[in-house]
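Chain by chain, the residues run as shown.
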Amino acid sequence: MTTTELSPAEANTFDYLIIGGGTAGCVIGSRLAEYLPQKRILMVEAGPSDYMNDKVLNLKDWLNLLGGELDYDYGTTEQPNGKYTPHLYHLSSFSICNFLCNAIPSEMAYFSWYMYLRTHKIIEK
């Protein structure tokens, strides 16, 4: 069942309440439903379902979601060498953005790790 509101009487009839329909929330809800089918489970998610929503499901176009109606657009303090981290607003949340990508670290990043590993005697040379 998908709904946008519950009556006060209906809200008190659930055995389990899951806040957040991200990857973990969906897994917990699924497992509870599988192992405790007689129990009533309520999952609360701020965003809409992505079921049959091509804007969300077309992974090659996921960048088009940024800055739109499904983006929380959280601000943050600017970070040196920082990147924008999307926080999308729909059922399955950030997991819809999980995909294989390759980010090649800068020479400075490699050097920083090297110095960290040497300083902490994780490597010798």
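Going by the structure above, here's the rest.
A brief structural summary. Here the structure is a predicted model, which means the values were calculated and not measured. Position labels on residues start from 1 in each chain and follow its written sequence. The predicted nature of this model means local features are confined to residues of pLDDT at least 70 and side-chain atom pairs, given and counted, to a pLDDT of 80 or more, with totals for whole chains, interfaces and linings taken over all residues. Note that the side-chain values use all heavy atoms of the structure and ignore hydrogens as well as water.

### A few points about the packing of aromatic side chains
Move 1: Planes of paired rings set the category: under 30 degrees apart is stacked, over 60 is edge-to-face and the rest tilted, where pairs are Phe, Tyr or Trp rings (Trp by its six-membered ring) whose centres lie within 6.5 Å. Applying the stated criterion across every chain yields a total of two aromatic pairs.
Move 2: Between Phe111 and Tyr114, the aromatic rings sit 6.5 Å apart at their centres with planes inclined by 40°, giving tilted as the arrangement. Separated by three residues within a single helix, Phe111 and Tyr114 lie in helix α4 (residues 107-119), roughly one turn from each other.
Move 3: With a centroid separation of 5.7 Å and an interplanar angle of 80°, the aromatic rings of Trp113 and Tyr116 are classed as edge-to-face. On the criterion of helical spacing, the pair formed by Trp113 and Tyr116 is a turn pair, its members being three residues apart in helix α4.
Move 4: Judged by its relative accessible area of 57%, Trp113 is exposed.
Move 5: Relative accessibility under 20% of the residue-type maximum defines a buried residue, over 50% an exposed one, and the middle range a partly exposed one, all with a 1.4 Å probe and only protein chains included. Judged by relative accessible area, which is 40%, Tyr116 ranks as partly exposed.
Move 6: Geometrically, a charge over a ring is one whose NZ (Lys) or CZ (Arg) sits within 6 Å of the ring centre while staying within 35 degrees of the ring normal. Note that Arg40 overlies the ring of Phe14, its terminal NZ or CZ placed 4.4 Å from the centroid. A run of H or I in DSSP counts as a helix once it spans at least four residues, and a run of E counts as a strand once it spans at least two, with each numbered from the N terminus.

### As for the pairing of strand β1 (residues 16-19)
Move 1: Judged from the four bridges that link them, β1 and strand β2 (residues 41-44) form a sheet pairing that is parallel. Residue pairing across strands places Tyr16 opposite Ile41, the latter belonging to β2.
Move 2: Chirality of the crossover, the property in question, places the unit of β1, helix α2 (residues 23-35) and β2 among those that are right-handed. Strands are treated as partners if at least two bridges between them are detected by DSSP. Assignment of crossover handedness uses the view with strands pointing away from the viewer, where a clockwise path from the first strand over the helix to the second indicates a right-handed crossover.

### A short note on a nonpolar patch on the surface
Move 1: The grouping of Met108, Phe111, Tyr114 and Met115 at the surface amounts to a nonpolar patch, some 400 Å² of accessible area in total.
Move 2: Examined against the element boundaries, Met108 turns out to sit in helix α4. For patches, a residue must show more than 30% relative accessible area and have no salt bridge; joins then use 9 Å for like charges and 5 Å for nonpolar side chains, namely Val, Leu, Ile, Met, Phe, Trp and Tyr. The method behind every accessible area is Shrake-Rupley, applied with a 1.4 Å probe, and residues are considered shielded solely by the protein chains displayed. The salt bridge definition used is simple: a Lys or Arg side-chain nitrogen within 4 Å of an Asp or Glu carboxyl oxygen.

### Describing the environment of Ile28
Move 1: Relative to the elements of secondary structure, Ile28 occurs in helix α2.
Move 2: In sequence terms Ile28 and Met43 are 15 residues apart; their C-alpha atoms lie 9.7 Å from each other.

### Description of the environment of Asp71
Move 1: Relative to the helices and strands, Asp71 resides in the loop between α3 (54-57) and α4.
Move 2: Classification of Asp71 as buried rests on a relative accessible area of 9%.
Move 3: Here the alpha-carbon distance between Asp71 and Gly47, two residues 24 residues apart in the chain, equals 9.6 Å.

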